[in-house]
Amino acid sequence: MPQLDEKLDPIYREVLRRNPAEEEFHQAVREVLDSLGPVVAKNPHYTDAAVIERICEPERQIIFRVPWVDDSGAVQINRGFRVEFNSALGPYKGGLRFHPSVNLGIIKFLGFEQIFKNSLTGMPIGGAKGGSDFDPKGKSELEIMRFCQSFMTELYRHLGEYTDVPAGDIGVGGREIGYLFGQYKRITNRYESGVLTGKGLTWGGSQVRREATGYGAVFFVDEMLRTRHQSLEGKRVVVSGSGNVAIYAIEKVRQLGGTVVACSDSDGYVVDEKGIDLELLKEIKEVRRERVSDYAEARGHDAHYVQGGRVWDVPCDVALPSATQNELNAHDAKTLVSNGCVVVAEGANMPTTPDAVQVLQEAGVLFAPGKAANAGGVATSALEMQQNASRDSWSFEHTEERLSEIMRGIHDRCAETAEEYGVPGNYVVGANIAGFIQVADAMLALGVI
Ligand code: NDP
Ligand code: 2IT
């Protein structure tokens, strides 16, 4: 790892000291600080006013017990989290993750990333993240509902359309948002649509929110390719994961003329040279809630399934890591480069390890960090809040057009900022600096907060 700037190094050391054993949080902070050296050299007031130290310390961290009763009548206990990281730009905003790996460090890394991502969207939203170590896999519909109700029974007191507005993330989709919203409404006796996003279309949801993260990431790729006078037409694409982000990234790639030849889940990956059959994938994952291996079986001879293994071994022009953090390592990056990959864009949050990012950038691969490339999800959440506030609902076409403009705007801000700081084409530096400056300036304007 390169040496940190001398003003930033003590800040990073203090983060390590105060947040022991939170590796993912350390990684996310380090990645942002690595970009900020030239900013603090040019603008000493950021360090003089301790803005960076403040940004690294969450405004509020809530940890709570989530007791629920399983179908056999046994009491189960999970841990719930909400880290309200930064509200300089607007109410706290960010998803909820239900996955057995969830712990405070993971929620803090996600909340920290969310601050800069939300800033980049240009929308008035602060940064937060939450979730639980609850494992939705294998749970019945009623167990999911009881868990969501118990989770909200504690969390509701911290939420509000002007306070904190959660949405989905891994393990939390439309079904869970429904149960969470139902319980919030029941406890508060308020139909407060703007308190959660990712709602169903018949009860306050926005068109395109379900599609937004995947679509947005692909719009971002399209913009990056445009800088090289290329497009997605005819490109071979590999997507990791097969959840919300992956499915709608596959859909948009197909609409723009590319072919997604592989996708995955935590058990393995499927290669489908004719292109992933999206209707079948949606049926398997969204309706039946089954595995990628079931997709391969249903698809028959056209597809082959690889148990375990690395989806990045499948040759492609464009790679979209869209499953989870640190799922693409330096070895995978070298494989991608030697197979001729030209673009990697993060649909997931922090899926590419720092040494893998270095391999890709040194090889001249266009690399888009998650806080820029996957910002379409939260941006469309902000559009949902806007529609809720005005009791309006927009058409699919209008909302998608807004999303596409927002993604173009984020792309251009990252590219221009990278250019301004002398690293043209470095979207990591561009995203970190552009995202940081807006939050830091707001914090300075608001006093010592
Ligand atoms: P889903 O729960 O819909 O899908 C997650 C997918 O990733 C599944 O295929 C899952 O496989 C796989 N996955 C999850 N954890 C692991 C793991 N530890 N190892 C291997 N594979 C794993 O989640 P989303 O699609 O919503 O989220 C995917 C990523 O995108 C996350 O990083 C999330 O933070 C990020 N993101 C999501 C946004 C959204 O709007 N939903 C917005 C911006 C970013 P399996 O079923 O086997 O667990
Ligand atoms: O990581 C993310 O940006 C999300 N999970 C979406 C957050 C949101 O509030 O829509």
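Described below are features of the structure shown in this document. The model shown is predicted, which means the values in this text are computed figures rather than measured ones.

Turning our eyes to something else, we now look at the overall build of the protein chain. Looking only at helices and strands, the protein chain has 17 helices and 12 strands in total. By the compact-globule yardstick of 22 Å for 449 residues, the protein chain fits well, its C-alpha radius of gyration being 21 Å. Dimensions of the protein chain, computed from the C-alpha atoms along their principal axes, are close to 60 × 55 × 45 Å. Relative to its full complement of 449 residues, the protein chain shows a buried share of 58%. Contacts spanning at least 24 positions in sequence make up 72% of the contacts within the protein chain whose residues lie at least 6 apart. One finds the centroid of the 47 positive side-chain charges in the protein chain at a distance of 4 Å from the centroid of its 62 negative side-chain charges.

With that settled, consider unusual backbone geometry. A positive phi angle, near 65°, is found at Ala21, a position not held by glycine. Positive phi, normally seen in glycine, also occurs at Arg391, with a value near 50°. Arg391 sits in the exposed class, given a relative accessible area of 74%.

If you check helix α16 (residues 396–420), its first and last C-alpha atoms are 36 Å apart, about what 25 residues at 1.5 Å a residue would give, namely 36 Å. Buried residues of α16: Thr399, Glu400, Leu403, Ser404, Ile406, Met407, Ile410, His411, Cys414, Thr417 and Ala418, and no others. Buried positions along α16 lie against α5 (104–121), α8 (209–226), α9 (244–255), α14 (370–373), α15 (376–389) and α17 (427–445). Positive backbone phi, approximately 75°, marks Gly422, located one or two places after α16.

The local shell around ligand 1 holds 25 residues, among which Asp169, Thr213, Ser266, Arg291 and Asn349 are the closest. Contact distances for ligand 1 include 2.9 Å between an oxygen atom and a backbone N or O atom of Val245. Protein coverage of the free-state accessible area of ligand 1, which is 880 Å², stands at 83%. Listing elements by their share of the shell around ligand 1, those giving two or more residues are α8, α9 and β7 (259–265). Partitioned by chemical class, the residues of the shell around ligand 1 number four nonpolar, 14 polar and seven charged.

Mapped onto the elements of the fold, Met224 is located in helix α8. On the accessibility criterion, Met224 (0% relative accessible area) is buried. As for Met224 and Asp412, which are separated by 188 residues in sequence, their C-alpha atoms are 9.5 Å apart. Beyond its immediate stretch of four places on either side in the chain, Met224 contacts Val343, Val344, Ala345, Leu366, Phe367, Ala368, His411 and Tyr427.

What follows covers the site of ligand 2. Close to ligand 2 lie 14 residues; Lys93, Lys117, Lys129, Asp169 and Ser381 are nearest. At 2.7 Å from an oxygen atom of ligand 2 is found a side-chain nitrogen or oxygen belonging to Lys93. Taking Asn349, its side chain carries an N or O atom lying 3.1 Å from an oxygen atom of ligand 2. Look at ligand 2: alone it shows 300 Å² of surface, and the protein chains cover 94% of it.

Taken in spatial order, the seven strands make up an open sheet running β9-β8-β7-β6-β10-β11-β12, and their pairing is mixed. Sheet topology places β9 (303–307) and β12 (366–368) at the edges, where each strand pairs with a single neighbour. When the angles between neighbouring strand axes are averaged without regard to direction, this sheet yields 15°.

Conventions adopted
Residues numbered from 1 in each chain as written. Chains lettered and ligands numbered in written order. Predicted model: local features only at pLDDT ≥ 70, side-chain atom pairs only at ≥ 80, totals over all residues. Heavy atoms only, no water. Helix = DSSP H or I, 4+ residues; strand = E, 2+ residues; numbered from the N terminus. Rg over C-alpha atoms; globule rule 2.2 N^0.38 Å. Buried < 20%, exposed > 50% of the residue type's maximum accessible area, 1.4 Å probe, protein only. Contact = heavy atoms within 4.5 Å. Lys, Arg positive; Asp, Glu negative; His and termini not counted. Charge placed at Lys NZ, Arg CZ, Asp CG, Glu CD. Expected span 1.5 Å × (residues − 1). Near = heavy atom within 4 Å. Polar contact = N/O pair within 3.5 Å; in protein donor to acceptor, adjacent residues only side chain to side chain. Areas by Shrake-Rupley, 256 points an atom, 1.4 Å probe, with all protein chains shown as cover. Nonpolar A, V, L, I, M, F, W, Y, C, P; charged D, E, K, R; others polar. Pairing = 2+ DSSP bridges. Axes fitted to C-alpha atoms, helices over the stretch in contact; angles between N-to-C directions.

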